Amino acid sequence: LSNLMDPKTPSSEHGLRSPLVRSLSVHNVLFSSVTIASQGMFPLKAFYWGQQGARENFGLQICNLVDHAHKALGERPVIIGECGIPMDMNRKEAFVTEDFIWQTRMMDAMLTGLEKALVGFTLWTYNPSNTDVVGDDWNGENFSWFSGRRALPPSLLYYDQDAVSLDNGGRILPSLVRPYPAKTAGIPQKFQYEMNSGTFVFEWANAAKCVGDDDDDESTRTGSGMRALETEIYLPSLLTAGRKVVVE
């Protein structure tokens, strides 16, 4: 991460940056910003409260990370190479109560921050062998949002695409299963999903057309080498079941 912040860092012409983001400090309703704290600012400004505070905390720090990358490297892709939430937070309380509400809220806060920054990411992690005892069986971690102990055995599963039994074992699906733009005919400007209400907002700017609109080459007419003019939004069936979908 130090190299990411250093504008003098040498980089290839076609390179990208892929930093890592893990969960921040969480104590039920109090969250701290390591970015603000490390800058020596007034300590109380480093604390956020509640679920909305956690979203703002993640959003601020991830946006700062992306902004620093662009300032150091120019307008190049930034992909968060690894990000996740520990399932064994709060002293493994959820393993006893089976209530993963805090993990759900923290995952939502992190994903909301990533979406706000309009940045790509890889989610850590899905491990079908995860157990409460050994976790992910890697480095003492327990980040897998899927738990084999909470899933049905293969002999009892239905394998149809819309079979609800396939979702068994997913501990925090309300925060993980989200709509997203699979294809955008333009430049994304705003990405916002509210887990509690199911409201999804996506805004994009159309690519500026070139002067030569009579040109037969579609990529030349639309500018920026665009070849498709459709925007596609993926809407998971888990979110639409029993609901009315309203598009505005």
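Above this text you will find the structure in question.
The rules we used
- Residues numbered from 1 in each chain as written.
- Predicted model: local features only at pLDDT ≥ 70, side-chain atom pairs only at ≥ 80, totals over all residues.
- Heavy atoms only, no water.
- Phe/Tyr/Trp six-rings, centres within 6.5 Å; stacked < 30°, edge-to-face > 60°.
- Buried < 20%, exposed > 50% of the residue type's maximum accessible area, 1.4 Å probe, protein only.
- Lys NZ or Arg CZ within 6 Å of the ring centre and 35° of its normal.
- 1 Å grid on protein atoms, 1.4 Å probe; cavity = no way out; pocket = protein on both sides within 12 Å on 5 of 7 lines; lining within 4 Å.
- Points joined across faces, edges and corners; volume = space filled by probe spheres on them.
- Helix = DSSP H or I, 4+ residues; strand = E, 2+ residues; numbered from the N terminus.
- Nonpolar A, V, L, I, M, F, W, Y, C, P; charged D, E, K, R; others polar.
- Salt bridge = Lys/Arg side-chain N within 4 Å of Asp/Glu carboxyl O.
- Expected span 1.5 Å × (residues − 1).
- Arc of directions from axis to C-beta.

J.: How do you make sense of the packing of aromatic side chains when you look at a structure like this?
T.: Note on aromatic pairs: each is described by the distance of the centres and the angle between the planes. Following the criterion strictly, the structure yields eight aromatic pairs and no others. When the centroid spacing of 6.5 Å and the interplanar angle of 10° are considered together, the rings of Phe 200 and Phe 202 count as stacked. Under the relative-accessibility criterion, Phe 200 is labelled partly exposed at 24%. By way of ring pairs, the aromatic residues Phe 191, Phe 200, Phe 202 and Trp 204 are connected into one cluster. Above the plane of the ring of Trp 102 lies Arg 105, whose end atom (NZ or CZ) is 5.0 Å from the centre.

J.: Sorry if this is basic, but what is going on with the layout of surface pockets here?
T.: Space left empty within the atom packing is revealed by a probe, the size of a water molecule, rolled over the atoms. By volume, the largest pocket is sized at about 880 Å³. Lining the largest pocket we find 32 residues, and of these Val 177, Arg 178, Tyr 180, Tyr 234 and Pro 236 sit closest to its centre. Taken together, the elements giving at least two residues each to the lining of the largest pocket come down to α5 (101-116), β6 (120-123), α6 (173-176), β7 (180-183), β8 (187-194) and α8 (237-240). Here the residues of the lining of the largest pocket are counted per class, giving 23 nonpolar, four polar and five charged. In this structure, the second largest pocket encloses a volume near 620 Å³. Along the walls of the second largest pocket sit 18 residues, with Gly 198, Phe 200, Val 245, Val 246 and Val 247 positioned nearest its centre.

J.: Help me understand the pattern of salt bridges in this model?
T.: Two side chains with opposite charge may pair up if their charged atoms get near one another. If you walk through the whole model with that rule in mind, you get 10 salt bridges. When the shortest N-O distance is used, the salt bridge between Glu 194 and Arg 55 registers 2.8 Å. With Glu 194 in strand β8 and Arg 55 in helix α3 (residues 50-73), this residue pair connects regions lying 139 residues apart in the sequence. Lys 183 serves as the salt-bridge partner of Glu 232, at 3.4 Å between the closest nitrogen and oxygen. Placement of Glu 232 in strand β10 (residues 232-234) and of Lys 183 in strand β7 is noted, with a sequence separation of 49 residues between them. Taking the relative accessible area as the measure of exposure, Glu 232 reaches 41% and is therefore partly exposed. Beyond isolated ion pairs, a larger network of salt bridges with shared partners links Arg 55, Asp 108, Glu 115, Arg 178 and Glu 194.

J.: What should I look at first to understand α3 in this one?
T.: Quick reminder: α-helices carry 3.6 residues per turn. Residues three or four places apart thus point the same way. Taking 1.5 Å of rise per residue, the 24 residues of α3 would be expected to cover 34 Å, and the 35 Å separating its terminal C-alpha atoms lies within 8% of that figure. Within two residues after α3, Gly 74 carries a phi angle of roughly 90°, on the positive side.

J.: Honestly, helix α4 (residues 89-97) in this entry has me stumped. Any pointers?
T.: Residues of α4 that are buried: Met 89, Ala 94 and Phe 95. Down the axis of α4, the smallest arc covering the buried residues is 100°, so these residues share one side. Exposed positions of α4 whose direction lies more than 90 degrees from the buried face are Arg 91 and Val 96. After α4 finishes, the residue Glu 98 shows a positive phi value of roughly 65°.

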